[in-house]
Amino acid sequence: MSDTVPNVTLNNGVQMPILGFGVYQIPDKETEQAVNDALSAGYRHVDTAAAYRNEEAVGRALKAGGIPRQELFVTTKLWIQKRPGEDAVKRAFKASLQRLGLEYVDLYLIHQPLGDYYSAWRAFEELHREGAIRAIGVSNFLPDRLVDLIAHNEIVPAVNQIETHPFFQRADYQKLMHERGVQIESWGPLAEGKNEIFSNPTLTKIGDAHGKSVAQVVLRWLIQRDVVVIPKSVRPERMAENMNVFDFRLSDDEMNEIAKLDTGVSVAFDHHDPAMVSWLNDRAE
Ligand code: NAD
């Protein structure tokens, strides 16, 4: 792993860099260059998904980068399956692996808590036992679904990747996950640029005090809360900026000031909204 990025230890002992590079909404054509640039900037952890349609480009960049496989941490995700059952899930996993050009992934996540995801979890458990996945986890699981999944299965998810940023902080949920051994990972750590986050007065003031940007303050704040972050950018200077968050520390007062920005509301998806659930299910594969 990169020297500068600390790891978190997952519930099965696997080490995961607390900061990685997300590739959601990077078009396939630009992804290879973006991942190349991210590797040059020092990122060793990459987050993709079958649904992002850029796994092949990620795989090409990883291969071209020439970094030893064991120094990389690669996450991909299973999209909602049209057909139920473990075999379909295993086929989907093998297709992801092939597109990535890898022999194993470090973390495989159920992308959405929709469809026959209990079968999916059983397939994940088997693939994990076979050594094709180092750690298995979920994404976008609300507390009730996570607790139920844990209750009915052998392996506790190592990670739950959920929207987490200053306007939607998930502190209570993080506590619950921690009690159950599930690592919180933030998607949309920069709130996808919404709510004018980059000119927020509180974040700007704290950044000025440390000679850091708003993005750096936000990433640092999440990391100090032990939240794994995977910011996305296609601009090399921003990739470097987002990595450069390990040479300063926010005080308790600053942490508490940022805590006050929580609205408790998503800026992106509401997984309780039936219209959103239908929209997602219409995109099942
Ligand atoms: P993000 O919060 O990382 O915001 C990305 C946007 O912020 C970029 O488009 C860029 O314009 C801007 N940005 C980045 N660095 C900046 C900087 N230093 N200064 C100014 N602007 C900057 O949003 P995201 O991409 O949605 O989330 C990150 C990653 O999380 C994704 O790429 C993906 O891997 C993952 N994700 C997962 C899910 C899920 O359902 N599991 C959903 C969304 C995203």
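Note that the coordinates shown come from a computational prediction; the quantities given were computed from them, not determined experimentally. (Residues numbered from 1 in each chain as written. Predicted model: local features only at pLDDT ≥ 70, side-chain atom pairs only at ≥ 80, totals over all residues. Heavy atoms only, no water.)

## Notes on unusual backbone geometry
Part 1 of the reasoning: One non-glycine residue with positive phi stands out, namely Gln25, at about 65 degrees.
Part 2 of the reasoning: With respect to the element layout, Gln25 can be found in the loop between strand E3 (21–22) and helix H1 (28–41).
Part 3 of the reasoning: Backbone geometry places Asn140, a non-glycine residue, at a positive phi of 65 degrees.
Part 4 of the reasoning: Take Asn140: it is sitting in the loop between strand E7 (133–139) and helix H5 (143–151).
Part 5 of the reasoning: Residue Asn140 is classed as buried on the basis of its relative accessible area of 8%. (Helix = DSSP H or I, 4+ residues; strand = E, 2+ residues; numbered from the N terminus. Buried < 20%, exposed > 50% of the residue type's maximum accessible area, 1.4 Å probe, protein only.)

## Quick notes on the packing of aromatic side chains
Part 1 of the reasoning: One pass over the structure, following the stated rule, counts 8 aromatic pairs.
Part 2 of the reasoning: Pairing Tyr117 with Phe141 gives two aromatic rings, centres 5.1 Å apart and planes at 75 degrees, and the pair type is edge-to-face. Residue Tyr117 is found in helix H4 (residues 117–129), and its partner Phe141 is found in the loop between E7 and H5; the two are separated by 24 residues along the sequence.
Part 3 of the reasoning: Exposure remark for Phe141: the relative accessible area of 0% places this residue in the buried category.
Part 4 of the reasoning: An aromatic cluster is defined as three or more aromatic residues linked by ring pairs; in this entry it consists of Phe93, Tyr108, Trp121 and Phe124.
Part 5 of the reasoning: The ring centre of Tyr104 lies 3.9 Å from the NZ or CZ of Arg69, which sits over that ring.
Part 6 of the reasoning: Taking the ring centre of Phe248 as reference, the NZ or CZ of Arg220 above it sits at 5.9 Å. (Phe/Tyr/Trp six-rings, centres within 6.5 Å; stacked < 30°, edge-to-face > 60°. Lys NZ or Arg CZ within 6 Å of the ring centre and 35° of its normal.)

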